[in-house]
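# Summary of structural features
So you can see what is in the structure, the chains are spelled out below.
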Amino acid sequence: MADTIKKKAEADGLQVNEKKWTPTLMKAGWTVLPNVLFERQQALGLDPLDINIILHIASYWWSESGKPHPSKVTIAKAIGVTPRSVQRRIAALESSKMIRREQRRISHKGSKTNIYHLDGLIEAAKPYALEKIEEQKEKAAIRAARAHRKGKPKLKLVKDADAE
């Protein structure tokens with residue numbers, strides 16, 4: 001199914017995500033975030049505001065070595081809360097070891113925006129990702145077993161005792 005969608009998108013000259021979201025939206029920028037963070041947010045102890053903050057931090061993370069550093073004001077404006085609300089949630093995420101803040105200071109100018117490390121979140125989500133991978137393998141094995149069955153299932157006629 002996914003291969004069919006990909007081939008059709010390629011035939012149209014579009015990437016798969018451009019086909020889904022339109023080239024205009026994709027050209028404006030996109031963010032990769034593992035599904036397990038959304039699917040298991042309660043198990044990870046994340047509320048919707050936490051997820052939204054993580055999404056915004058991740059949108060500034062362009063490479064493994066270039067850690068994100070958006071300001072709390074930038075995040076707050078984007079999601080419609082106060083910078084203080086963002087500050088409190090980031091502090092809570094830091095105390096739960098999901099995020100690690102690294103201060104950036106310039107001696108003569110003062111502070112710059114914090115750099116955010118999501119290593120704790122990644123480590124916390126790994127067990128759920130491994131669980132999901134195992135579930136996917138099991139489902140694939142069941143599908144493969146069904147596809148390899150030979151012939152139709154054998155049906156046995158059961159006589160109804162009341163009908164006799």
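What counts and how
In every chain, residue numbers begin from 1 and rise along the written sequence. It should be noted that, the model being predicted, local features are given only for residues of pLDDT at least 70 and side-chain atom pairs only at 80 or more, the latter also being counted only at that level, while totals for whole chains, interfaces and linings use all residues. The side-chain numbers reported here are obtained from all heavy atoms of the structure, hydrogens and water having been left aside. Lines are fitted to the C-alpha atoms to define the axes, a helix being fitted only along its stretch in contact, and any angle between axes, read from their N-to-C directions, falls within 0 to 180 degrees. Helix and strand assignments follow DSSP, with helices taken as H or I runs no shorter than four residues and strands as E runs no shorter than two, numbered in order from the N terminus. Oblique is the label for any angle not covered by the other classes, which are roughly parallel (under 35 degrees), roughly antiparallel (over 145) and roughly perpendicular (65 to 115). Left-handed describes a crossing whose near helix is turned anticlockwise from the far helix by less than a right angle; the clockwise case is right-handed. The contact rule is simple, with two residues in contact once any of their heavy atoms fall within 4.5 Å. Each residue is assigned to one of three groups, with Ala, Val, Leu, Ile, Met, Phe, Trp, Tyr, Cys and Pro labelled nonpolar, Asp, Glu, Lys and Arg labelled charged, and all others, Gly among them, labelled polar. Take the buried Ala, Val, Leu, Ile, Met, Phe, Trp, Tyr and Cys residues and link them wherever side-chain atoms come within 4.5 Å; each set so joined is a nonpolar core. Buried, partly exposed and exposed residues are distinguished by accessible area as a fraction of the type maximum, computed with a 1.4 Å probe on protein chains only: under 20%, between the cut-offs, and over 50%, respectively.

### Details of the packing of helix α5 (residues 48-58) against helix α6 (residues 72-79)
For the pair α5 and α6, interaxial distance at closest approach is 10 Å and the crossing angle is 120°. Taken together, the axes of α5 and α6 lie oblique to each other. Relative to α6, the crossing made by α5 is right-handed. Facing Leu49, Asn52, Ile53, His56 and Ile57 of α5, the residues of α6 in contact are Ile75, Ala78 and Ile79. Here the contact of α5 with α6 is composed, by residue class, of 6 nonpolar, 2 polar and no charged.

### Considering the nonpolar core
Leu46, Ile53, Ile57 and Val86 are the most contacted members of the largest nonpolar core, which has 22 residues in total. Elements with a minimum of two residues in this core: α4 (35-39), α5, α6, α7 (83-95) and α8 (119-148). Ranked by the residues each element gives to this core, the list is headed by α5, at 5 residues. Discounting residues that sit within four places of it in the chain, Leu46 has contacts with Gln41, Ile51, Ile54, Leu93, Met98 and Leu121.

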